[in-house]
Amino acid sequence: QVQVVESGGGLVQPGGSLRLSCTVSEGFSKVLRTGWYRQRPGEQRELVAEIHKVGTTKYSDSVKGRFIISRNYAGNSVDLQMNNLQSEDAAVYYCAANVVQDIGKFRDFWGQGTQVTVSS
């Protein structure tokens, strides 16, 4: 069973930065796409950023220009650098890895989430 683990959440003041990391137990060799999502209380989970195996990235409009998703080859993780954090960025952040299971078959594996709190 593939395990996805997020780390790096915490409390930050408005305007501050945090870096989240996502690791996959079996590594990223069979991961087609890795996405960072967030969920605020009472709201649906939304895609924040994703990176494909070939390196292409995609961001939600709300974080474009402030967040950067990248592969951290040294740490064997997918990181989300979050800058200029605002109160609306406070949420539980989840990582999802789209993993190849067989030819033409893929499955999403989710982490347990990491809390990001933005408050002065």
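Before reading on, note that the structure itself is shown above.
What counts, and where the lines are drawn
- Residues numbered from 1 in each chain as written.
- Predicted model: local features only at pLDDT ≥ 70, side-chain atom pairs only at ≥ 80, totals over all residues.
- Heavy atoms only, no water.
- Patch = residues over 30% accessible without salt bridge, like charges linked within 9 Å, V, L, I, M, F, W, Y side chains within 5 Å.
- Areas by Shrake-Rupley, 256 points an atom, 1.4 Å probe, with all protein chains shown as cover.
- Salt bridge = Lys/Arg side-chain N within 4 Å of Asp/Glu carboxyl O.
- Helix = DSSP H or I, 4+ residues; strand = E, 2+ residues; numbered from the N terminus.
- Buried < 20%, exposed > 50% of the residue type's maximum accessible area, 1.4 Å probe, protein only.
- Disulfide = S-S within 2.5 Å.

What about a nonpolar patch on the surface?
A contiguous nonpolar patch, built from Leu 32, Val 100 and Phe 106 and spanning about 230 Å² of accessible area, is present on the exposed surface. Structurally, the position occupied by Val 100 is in strand β9 (residues 91–102). Classification of Val 100 as partly exposed rests on a relative accessible area of 31%.

A look at the state of the cysteines
Simply put, disulfide is the name for a covalent bond between the sulfur atoms of two cysteines. Tallied over the entire structure, the rule returns one disulfide. The disulfide partner of Cys 22 is Cys 95, and the gap between their sulfur atoms is 2.0 Å. Taking the sign of the S-S torsion, about -75° here, the bridge from Cys 22 to Cys 95 comes out left-handed. With Cys 22 in strand β3 (residues 18–24) and Cys 95 in strand β9, this pair connects stretches of sequence that are 73 residues apart.

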